[in-house]
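Structure assessment
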Amino acid sequence: MDPFTQTGYLSSPSGASTPFEVPKISLATPREHTVGALRHAALTSGFFQLVDIETYVSSELIVQMFDEARRFFQLPASEKAKVSLWFRRKDEVVTMALI
Amino acid sequence: MGGYEGFRFYDLTKTGDGGKKGEEDDGDGGWNEGFAIAPEWGTNCFPKTAVTVEDPDKGRPSVLVSFNPVTFESTCKAYFHAMQELGRYILGVIAEGLGIEPDFFEGYLDKQNSFCRLTHYYREAESIKGTESHRNNPSKVEIGAAPHTGKVTFISRIVLLT
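Residues numbered from 1 in each chain as written. Chains lettered and ligands numbered in written order. Predicted model: local features only at pLDDT ≥ 70, side-chain atom pairs only at ≥ 80, totals over all residues.

As a further point, take the overall build of chain A. Secondary structure summary: chain A contains 3 helices and 6 strands in total. Helices and strands in chain A line up, N terminus first, as β-β-β-α-β-α-α-β-β. Out of the 99 residues in chain A, the part that is buried amounts to 15%. Pairs at least 24 apart in sequence give 34% of the contacts found in chain A among residues at least 6 apart. (Helix = DSSP H or I, 4+ residues; strand = E, 2+ residues; numbered from the N terminus. Buried ≥ 20, exposed ≤ 12 C-beta atoms within 10 Å, placed from the backbone. Contact = placed C-beta atoms within 7 Å.)

Dropping the structure here:
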């Protein structure tokens, strides 16, 4: 099975739930097809998954971003604090900082 | 405005006017930390120091992991701009599907209105215990999603084949 296939459940007011597959929207198809498919997904399941997005963002870039993110989050708290978005006062988030 | 957002609990139970003065009103979600990528708002948000640390991730063999600020910054920027272009295309497609001008949402993509956040969720609720954030919110143990707001949110994911 395609590891990226997502399933979900649609709940009705009666409490019944129906399994469904999250629709895939391919960006490798002509634009007018994408428009129709996305509109249909939005009006039915309410969810969609974009596939064939290589034109915009490559798999390599996504994997690389995850890898860099993992390395960043593993830094000691003191290192991460140097680029903190928040100033803390009395353990409370008070304001944004650092432009 | 970019940078590191410390480990804390995002409370979805707040409704918009809640929260103490000066405190942002976050959505629900659970414990996580994040890094906001916002290259168009300044450059100080990126780390400058190369560091090699022991992998603290529980459940793995202990290994040394290096952090390179140069590749981190360049990857963040490349990823941000790629996702922004993807957003531009999809918002155009959505506009067209709604029967409005395809460039209707264009203005929303200027001046860093688009936002990219790397989010780190903890593998186990156990790992939050003992932290300062947890001491302030001892009853919160959920691990979940960060708040997602705005016109359109893309969630990237990869499948680790190990």
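For chain B, the helix and strand inventory stands at 2 helices and 5 strands. Burial status across chain B gives 22% buried among its 162 residues. Contacts spanning at least 24 positions in sequence make up 63% of the contacts within chain B whose residues lie at least 6 apart.

Right, let's get into the confidence of the model for chain A. When pLDDT is averaged along chain A, the result is 77; 73% of the residues meet or exceed 70. Counting interchain partners and residues more than four positions distant, the pLDDT-below-50 stretch residues 87–99 of chain A has 27 contacts. (pLDDT = per-residue confidence, 0-100.)

Another aspect to go through is helix H2 (residues 59–73) of chain A. All names here are of chain A. With 15 residues, H2 extends 21 Å from end C-alpha to end C-alpha; this agrees with the ideal 21 Å at 1.5 Å per step. Inspection of H2 places Met65, Glu68, Ala69, Phe72 and Phe73 among the buried residues, and these make up the whole buried set. In a view along the axis of H2, the buried residues occupy a sector of 130 degrees, so they form one face of it. Turned more than 90 degrees away from the buried face of H2, the exposed residues are Ser59 and Glu60. (Expected span 1.5 Å × (residues − 1). Arc of directions from axis to C-beta.)

All names here are of chain A. Across its 13 residues, helix H1 (residues 31–43) extends 18 Å between first and last C-alpha, which sits within 8% of the 18 Å expected from 1.5 Å per residue. Residues of H1 that are buried include every one of Thr34, Val35 and Leu38, and no others. All buried residues of H1 fall inside an arc of 100 degrees around its axis, so they share one side. In this structure, H1 carries Glu32, His33 and Leu43 as exposed residues pointing more than 90 degrees from its buried face.

Once that is clear, we can look at the nonpolar core. Formed by 24 residues in total, the largest nonpolar core has its most connected members in Phe72(A), Phe35(B), Ile37(B) and Phe80(B). Listing elements by their share of this core, those giving two or more residues are H2 of chain A together with strand E2 (30–37), helix H1 (69–98) and strand E5 (116–121) of chain B. Of all the elements, H1(B) adds the most residues to this core, at 5 residues. Once residues within four sequence positions are removed from consideration, Ile37(B) is found in contact with Gly2(B), Cys76(B), Phe80(B), Cys116(B) and Leu118(B). (Core = buried A, V, L, I, M, F, W, Y, C linked by C-beta atoms within 7 Å.)

Where H2(A) meets H1(B), the closest approach of the two axes is 9 Å, and the angle between their N-to-C directions is 135 degrees. Here H1(B) runs oblique to H2(A), going by the angle between their axes. The two elements H2(A) and H1(B) meet at a crossing, and its hand is left-handed. Along its contact with H2(A), which presents Leu61(A), Gln64(A), Met65(A), Glu68(A) and Phe72(A), the element H1(B) presents Thr71(B), Phe72(B), Thr75(B), Ala78(B), Tyr79(B) and Ala82(B). For the contact of H2(A) with H1(B), the residue count by class is 7 nonpolar, 3 polar and 1 charged. (Axes fitted to C-alpha atoms, helices over the stretch in contact; angles between N-to-C directions. Parallel < 35°, antiparallel > 145°, perpendicular 65-115°, else oblique. Left-handed = near helix turned anticlockwise from the far one by under 90°. Nonpolar A, V, L, I, M, F, W, Y, C, P; charged D, E, K, R; others polar.)

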